[in-house]
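Summary of the model geometry
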Amino acid sequence: MIALKPPALTIAFRWLVRVVGLALMVCALVPYWQALRALDQRDYVSALLAGFVGWFISHAGLELVRPESAE
Amino acid sequence: MDLRAAPRILTPVLGAACWIQLALVPLLSRRASAVPWLLAALSLGLLGAGARESVRHPERSLLLYAGVFPLSLAACAVAAAGAHPARYDAPGQAVVAATVAAFLAASAWGWSGSRDRVPAVVVASAVSEVGPSPPPPLRVVGVVALIAVALTLAVVAPLGVSRAASVHFTRGGAALLRGRLALVAAGGLSLAVLWTFVAGGALLRRAPAPARSGARAWFYLCAATVAFAMRYWLDHAR
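Conventions we followed
- Residues numbered from 1 in each chain as written.
- Chains lettered and ligands numbered in written order.
- Predicted model: local features only at pLDDT ≥ 70, side-chain atom pairs only at ≥ 80, totals over all residues.
- Helix = DSSP H or I, 4+ residues; strand = E, 2+ residues; numbered from the N terminus.
- Buried ≥ 20, exposed ≤ 12 C-beta atoms within 10 Å, placed from the backbone.
- Contact = placed C-beta atoms within 7 Å.
- Core = buried A, V, L, I, M, F, W, Y, C linked by C-beta atoms within 7 Å.
- Expected span 1.5 Å × (residues − 1).
- Bend = angle between axes of the 7 residues up to and from the residue.
- pLDDT = per-residue confidence, 0-100.
- Axes fitted to C-alpha atoms, helices over the stretch in contact; angles between N-to-C directions.
- Parallel < 35°, antiparallel > 145°, perpendicular 65-115°, else oblique.
- Left-handed = near helix turned anticlockwise from the far one by under 90°.
- Nonpolar A, V, L, I, M, F, W, Y, C, P; charged D, E, K, R; others polar.

**What about the overall build of chain A?**
When helices and strands are tallied, chain A shows three helices and zero strands. Within chain A, the proportion of its 71 residues that are buried is 38%. Counting contacts in chain A only where the partners sit at least 6 residues apart, residues at least 24 apart contribute 63% of the total.

Laid out in structure tokens, this is it:
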């Protein structure tokens, strides 16, 4: 059975989702940097929460970059 | 002894040890009122419910062990503390940290690879040459990372409520001690537990990585928004 190729719009949308995911992973560097700065100022709770923000954003980006089907 | 049954025994035992250190000891040392005792009984009941569900519904049990039980324990600790948060000296902190780390590791061990039991009919078929899937190559790294994160959180959290450590905090930290401890501690603790399990689960999972899930991405973004709101509120409480 020959696999059907999805329409061009669907392919473009999937690539757009991947670009958004990549952008989220890059943007996650900002809260990580803020976490390091807060640690430097001994603001431990603020650093911990900034680390959480960075981690969740980077994993949201990672989720969007995944392939459509399981390997 | 079947090693698969070990986490089902270890997890409630270690959870009870956490309950004794974080709930019972402050309650007995402080002559607390009825509400903290009720919260302590509730958290103990949740631990027992998690143990009971661990056989038939491992995912429900994980939610109870890693989500609801720590939250109720935090609520009990805050209610028992009142105006004077409990202080742990260095050996006490080390014991609490080790107990919490062991409890989290045992919960993760019991959850990884387990599935809900459903009725099934087994039909004899040809013998398969394919053996069980090998353990993930980074399993040791995952276990070490899980224990390191849990230890870090278990040590930072008592430091956060320690009155002696408040002199090193900004006014945001002092606001934390003044009474908003309950909300931030409960929210931060649930985020910490979620972070630990999801981060460790990726390395401990035997199956290949799942496909993209938009719902999971939205969940992460919502969690990031909540964490950002908590940090923004804390930083501007000065």
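**Considering the overall build of chain B**
Counting secondary structure elements, chain B contains eight helices and zero strands. Listing every helix and strand of chain B by position from the N terminus yields α-α-α-α-α-α-α-α. Counting all 238 residues of chain B, 36% fall into the buried class. Across chain B, every contact between residues at least 6 apart in sequence was considered, and the portion connecting residues at least 24 apart equals 85%.

**Some thoughts on the nonpolar core**
Counting 35 residues, the largest nonpolar core has Leu73, Cys76 and Ala77 of chain B as the members making the most contacts within it. Sorting the residues of this core by element identifies helix H1 (6-30), helix H2 (34-53), helix H3 (58-81) and helix H4 (90-111) of chain B as the ones contributing at least two each. The greatest single-element share of this core, amounting to 13 residues, is contributed by H3 of chain B. The next biggest cluster of nonpolar side chains, apart from the first, holds 23 residues, and it includes Leu24, Ala28 and Ala47 of chain A together with Leu234 of chain B.

**Looking at H3 of chain B**
Residue and element names in this part refer to chain B. Helix length check: H3 (24 residues) gives 33 Å between terminal C-alpha atoms against 34 Å at 1.5 Å per residue, within 8%. Along H3, the largest kink reaches about 35° and is centred on valine 68; proline proline 70 follows within four residues of it. Summarising burial for H3: 17 of the 24 residues are buried, a large majority.

**A word on the confidence of the model for chain A**
Chain-level statistics for chain A give a pLDDT mean of 82 and a share of 92% at 70 or above. Looking over chain A, one finds the lowest element-wise mean pLDDT in helix H2 (residues 29-40) of chain A, namely 82, and the highest in helix H1 (residues 8-27) of chain A, namely 87.

**A closer look at the packing of H2 of chain A against helix H3 (residues 44-65) of chain A**
A pair of packed helices is captured by two measures, namely the crossing angle of their axes and the spacing between those axes. Residues and elements named next belong to chain A. In the contact formed by H2 and H3, the axes pass within 8 Å of each other and the chain directions differ by 165°. Relative to H3, H2 is oriented roughly antiparallel. Taken as a pair, H2 and H3 cross one another with a handedness that is left-handed. Mapping the contact onto sequence places Pro31, Tyr32, Gln34, Ala35, Ala38 and Leu39 in H2 and Ser46, Ala47, Ala50, Gly51, Val53, Gly54 and Ile57 in H3. Of the residues contributing to the contact of H2 with H3, the split by class is nine nonpolar, four polar and no charged.

**Structural notes on the packing of H3 of chain A against helix H8 (residues 214-235) of chain B**
Contact pair H3 of chain A / H8 of chain B: the axes reach a minimum separation of 8 Å and the direction vectors enclose 160°. In terms of orientation, H3 of chain A lies roughly antiparallel with respect to H8 of chain B. Taken as a pair, H3 of chain A and H8 of chain B cross one another with a handedness that is left-handed. Facing H3 of chain A, whose interface residues are Val45, Ser46, Leu49, Ala50, Phe52, Val53, Phe56, Ile57, His59, Ala60, Glu63 and Leu64 of chain A, H8 of chain B presents Arg216, Ala217, Tyr220, Leu221, Ala223, Ala224, Ala227, Phe228, Met230, Arg231, Leu234 and Asp235 of chain B. Here the residues of the contact of H3 of chain A with H8 of chain B sort into 18 nonpolar, two polar and four charged.

**Quick word on the environment of serine 61 of chain B**
Residue and element names in this part refer to chain B. Considering the arrangement of structural elements, one finds serine 61 in helix H3. Residues serine 61 and alanine 49 lie twelve residues apart in sequence; the distance between their C-alpha atoms is 7.6 Å. Setting aside residues no more than four positions away along its own chain, serine 61 makes contact with Gly50, Glu53 and Ser54.

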